[in-house]
Amino acid sequence: MKKEYLTLDKIEGSLIELSNLHRISYGEVVKIKSKDGKRNEIGQVIKVDDDKAVVQVFGNNLGVSTKNTKVEFSAHPFEIPLSKEILGRVFNGVAQPIDKGGAIYSNKVYNINGRPINPSAREYPRNFIQTGISSIDGLMTLIRGQKLPIFSGSGLPHNEVAAQIVRQAKIADEDGKDNFAIVFAAIGVKHDEADFFRESFKNSGVIDKVSMYINYADDPIMERLIAPKCALTAAEYLAYEEHKEVLVIMTDITSYAEALREVSSSREEVPSRKGYPGHLYSDLAALYERAGMIKDTKGSVTLIPILTMPNDDITHPIPDLTGYITEGQIVISRDLFSKGVYPPINVLPSLSRLMKDGIGEGFTREDHPDLSSQLFASYSKVQETRALAQIIGEDDISDDEKQVLKFGDEFEKRFLTQGQNENRNIEETLDLGWELLKLLPASMIDRIDPKLKEKYLGENNGN
C-alpha cells in the first residue's frame, strides 16, 4: 500500500479520530509527525467504523493539533526486528534500544501480537528448571514450558525474588545449561527498580544471557500494553528459531491490567468487575498462553508473571483470572516477611500443577515426590498446632506437638530462609528436607514409602 498522509479530524485525550479513510486495517501501525519534522510518535488503529478510524497514540499528545500534524499509515501491524544480538541488550516498552548499543538489524521483522500455541501442537512439560531457591525447587517445582505466576503484595520483596531467579535459574540437565536465556519485561516500574534489576544482572555476570524490555512508570500508558508482547515475541524468536530454553519474567502484571482499564475507559467500553474491561481474561490469556513447548521443535518458553495483589486480596480479578489460566502460583507472605524470612514464600497456598510430572527418578531424585508431600503435610500440621498453642498455651500441649512446633520454627529458619545470593542445588534442598523431618515424631511421617524412609532417615526412623 502506498504511504498515505492525512490531516487529523479530531483529538481527544490520547485518541485521534480520522475520517474519509479507505483500506485501513485494525491493528495497523500509524506514524504521527509534526509538519516541521521535530515530533514523531507512533500509534495503532484500535477501531474502524465505516470511513472513520480511531488511533491510540503511544506517547504524549501535548501540543498536537489538527493544524500542525500529519499521519502516515504503514499498512503493517506492530513489528520489531530480532536477532541473537538482543541478548545482553536493554529496550524500552516498544522494543527501541535504550542502552546506547545501536539498533538491532535483521532481515525479518516479527509481529508482536503473535498467536497462542495450538493445544494439539503442544508438548507436555516434563523437565524441571532449577531456581536455586529451596521452597520453589522442593515444594512447587518449576517445569520447563510452564506458566507459574508469583502473587505478591505492595512492599514485599518480589523484585528481589525475581532477580534471584534470573541469576540462578538453569535447566537441571547440564547439556542445556549453556543454551539458557532469559527475557525480562518490566511494566510500569520506577527508575530505581529498573536500575536494581540492571545492576543485579550485571554484577552476577548473567547480563549477556538477558534481554530486558523496560517500561518506566512515567512512560506512556500504551507502552505498558505493548512491552509484554514485545518481550514474548523476543522469547518466541530465541526459543523456536535460536532453539534456546527461555525463561520469561514479567513484573508487574497489575500495571498491565491497570493500563488496560485506563485505555478501556478512554474508549468508553462497558466496565466489568472493579472497573476492569470484560476482556481482561482474554487479554491475560493471550499473553500467558504464548508460553510452552512445541512438538518436534527444540526450545521452550517458560513464563513467570509477577503481580502485586491490591490490598493482598487473592480474590481480586487480576490474581483470580491469572489463577484460572496458569498452572499454579507462588504466594509471597506478608506474615513471613515480617518475621524476617527471605524469600517469604507461603508454601501452603502455593502449588505447581505440573510438578508431579517433572520430578522423581529420572528428573530430580527418587525421593522428591514423597518428601515434598510430607513437608507440605507437616507444615500444615504446624499451623494447626500453633493455633492450638495460642488458645491453651504452649506449656499445656503434648510433647509430640512441641516437636511439631520445633519443626515449624526450623523449617522457616533453615528451609524457607536463604540468602539472596545463596544458590542451592536440588540435592542440597532435598537433603535439608530429610534433615528437618528427623525433628518430627516417627508417627507423623506417614506419607513416605518405607524403603525411602529407611534409606534417608536410617536410625532416626523411630524417634
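In case you missed it, the structure is sitting above this.
The structure presented is a predicted model; accordingly, all values stated were derived computationally and were not measured.

Q: Would you mind showing me how to read helix α10 (residues 399-416) here?
A: Owing to its 3.6 residues per turn, the α-helix brings residues three or four apart onto one side. The end-to-end C-alpha separation of α10 is 24 Å, in line with the 26 Å expected for 18 residues at 1.5 Å each. Helix geometry: α10 is bent most strongly at E410, by close to 30°. Along α10, the positions that sit buried rather than exposed are V404, L405, F407, G408, E410, F411, E412, F415 and L416. At its buried positions, α10 is contacted by α1 (134-139), α8 (334-338), β20 (345-352), α9 (368-392) and α11 (426-437).

Q: Help me out: how do you make sense of the sheet that holds strand β12 (residues 142-143) in this one?
A: For sheets, the rule is that strands pair by backbone hydrogen bonds, running either parallel or antiparallel. Across the sheet, 3 strands lie side by side as β12-β11-β14; this open sheet has antiparallel pairing. Each end of this open sheet is capped by a strand with a single partner; those strands are β12 and β14 (170-171). As paired elements, strand β11 (residues 128-130) and β12 share 2 bridges and run antiparallel to each other. Residue pairing across strands places I129 opposite L142, the latter belonging to β12.

Q: Got a minute to help me understand helix α6 (residues 280-288) in this structure?
A: Looking at α6, one finds that the buried residues are L280, D283, L284, A285, L287 and Y288. Contacts from the buried residues of α6 go to α4 (223-240), α5 (253-266), β18 (300-308) and α7 (317-325).

Q: How should I be thinking about the pairing of strand β4 (residues 29-34) in this particular structure?
A: One face of the sheet, then the other: side chains in a regular strand alternate in exactly this way. Where β4 and strand β5 (residues 40-49) come together, 5 bridges link them in antiparallel fashion. Residue pairing across strands places K33 opposite N40, the latter belonging to β5. Of the pairings in the sheet, the one linking β4 to strand β7 (residues 69-73) comprises 5 bridges and is antiparallel in character. The residue of β7 that forms the bridge with I32 is V71.

Q: Explanation requested: the sheet that holds β18 in the structure shown.
A: With mixed pairing, the 8 strands of this open sheet are ordered in space as β9-β16-β15-β17-β18-β13-β19-β20. The open sheet has two edge strands with one neighbour each: β9 (90-92) and β20. On average, adjacent strands in this sheet sit at an angle of 15° to one another, irrespective of strand direction. Where strand β15 (residues 180-189) and strand β17 (residues 245-251) come together, 7 bridges link them in parallel fashion. Across the sheet, A185 pairs through a bridge with M250, a residue of β17. Along the sheet, helix α2 (residues 158-168) contacts β13 (150-152), β15, β16 (210-216), β17, β18 and β19 (328-332); its crossing angle with β17, the most-contacted strand, is approximately 170°.

Q: Can you walk me through the pattern of salt bridges in this structure?
A: Two side chains carrying opposite charge are able to pair once their charged atoms lie near each other. Using the criterion set out here, one finds 25 salt bridges in the structure. Taking the shortest distance from any N to any O, the salt bridge between E289 and R122 comes out at 3.1 Å. Highlighted residues: E289 in the loop between α6 and β18 and R122 in the loop between β10 (109-111) and β11, separated in sequence by 167 residues. The closest approach of N and O atoms between E199 and K202, which form a salt bridge, is 4.0 Å. With a gap of 3 residues between them, E199 and K202 both fall in helix α3 (residues 191-204), about one helical turn apart. Relative accessible area serves as the criterion here: at 38%, E199 is assigned to the partly exposed category. Residue class for K202 comes out partly exposed when judged on its relative accessible area of 47%.

Rules used throughout
Positions within a chain are numbered from 1, following the residues in the order the chain's sequence is written. A pLDDT threshold of at least 70 governs which residues receive local features in this predicted model, and a stricter bar of 80 or more applies before side-chain atom pairs are shown or counted, although totals over entire chains, interfaces and linings include all residues. The basis for every side-chain value is the complete set of non-hydrogen atoms in the structure, without hydrogens or water. Put simply, DSSP marks the helices as runs of H or I at least four residues long and the strands as runs of E at least two long, and each gets a number from the N terminus on. To estimate how far a helix should reach, multiply one less than its number of residues by 1.5 Å. Throughout, bend refers to the angle between the axes fitted to the seven residues that end at a position and the seven residues that start at it. Relative accessible area decides the class of each residue, using a 1.4 Å probe on protein chains only: under 20% of the type maximum gives buried, over 50% gives exposed, and in between gives partly exposed. Here a residue-residue contact requires only that any non-hydrogen atoms of the pair lie within 4.5 Å. Think of it this way: DSSP has to see at least two bridges between two strands before they count as a pair. Lines fitted to the C-alpha atoms define the axes, with helices restricted to the stretch that makes contact. Angles between their N-to-C directions range from 0 to 180 degrees. Any Lys or Arg side-chain nitrogen located within 4 Å of an Asp or Glu carboxyl oxygen qualifies as a salt bridge.

Function cannot be inferred from these measures alone, as they are strictly geometric.
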